[in-house]
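# Descriptive structure summary
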Amino acid sequence: QVQLVESGGGLVQAGGSLRLSCLVSGSTFRLKSMGWYRQAPGKQRELVASISSGGSTNYADSAKGRFTISRDNAKNTVYLQMNSLKVEDTAVYHCNLYGAGYSWPWGQGTQVTVSS
């Protein structure tokens, strides 16, 4: 069974940076497109960024120019580098499949809190 373990969140001041990691176990990770998603209190989960198995990336407008998604297939890990963080980036961040038509069981996520 696939397990997703997100880490790297925390409390940071506006303008700061964080690097999130997501370790994927139990699957052929290297063949999958992956996404980082976030859910703020009272809001629906939204896609932040995605990366294909070949490394092509796409970003939500809110993330363009500030966030960078990457992957290390040897480590079964996908990353999200977040720079110039804003208060509105505060959310629980999750990784999961992107574009597959289904999701793996969601992990616990990692909380990102940006203070003003």
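Okay, so let's go over this structure. (Residues numbered from 1 in each chain as written. Predicted model: local features only at pLDDT ≥ 70, side-chain atom pairs only at ≥ 80, totals over all residues. Heavy atoms only, no water.)

### Topic: the state of the cysteines
Heads up, the condition is: Cysteine sulfur atoms are paired as a disulfide whenever they fall within 2.5 Å. Only DSSP runs of H or I with at least four residues qualify as helices, and only runs of E with at least two residues qualify as strands; both kinds are numbered from the N terminus onward. The rule is simple: take the accessible area with a 1.4 Å probe, protein chains only, and divide by the maximum for that residue type; under 20% is buried, over 50% is exposed, in between is partly exposed.
Applying the stated rule across the entire model yields one disulfide. Across a sulfur-sulfur distance of 1.7 Å, Cys22 and Cys95 are joined as a disulfide pair. Residue Cys22 is found in strand β3 (residues 18-25), and its partner Cys95 is found in strand β9 (residues 91-97); the two are separated by 73 residues along the sequence. You'll find Cys22 and Cys95 in the same group, each marked buried.

### Some thoughts on the environment of Thr77
Our working definition: Note on contacts: a residue pair is in contact if any heavy atoms of the two residues lie within 4.5 Å.
Mapped onto the elements of the fold, Thr77 is located in strand β8 (residues 77-82). In the structure, Thr77 is positioned 70 residues away from Ser7 in sequence and 11 Å away in space, judged by C-alpha atoms. When residues no more than four places from it in sequence are discounted, the contact partners of Thr77 are Ser21, Cys22, Leu23, Phe29, Ser70, Arg71 and Asp72.

In short, geometric facts, not functional conclusions.
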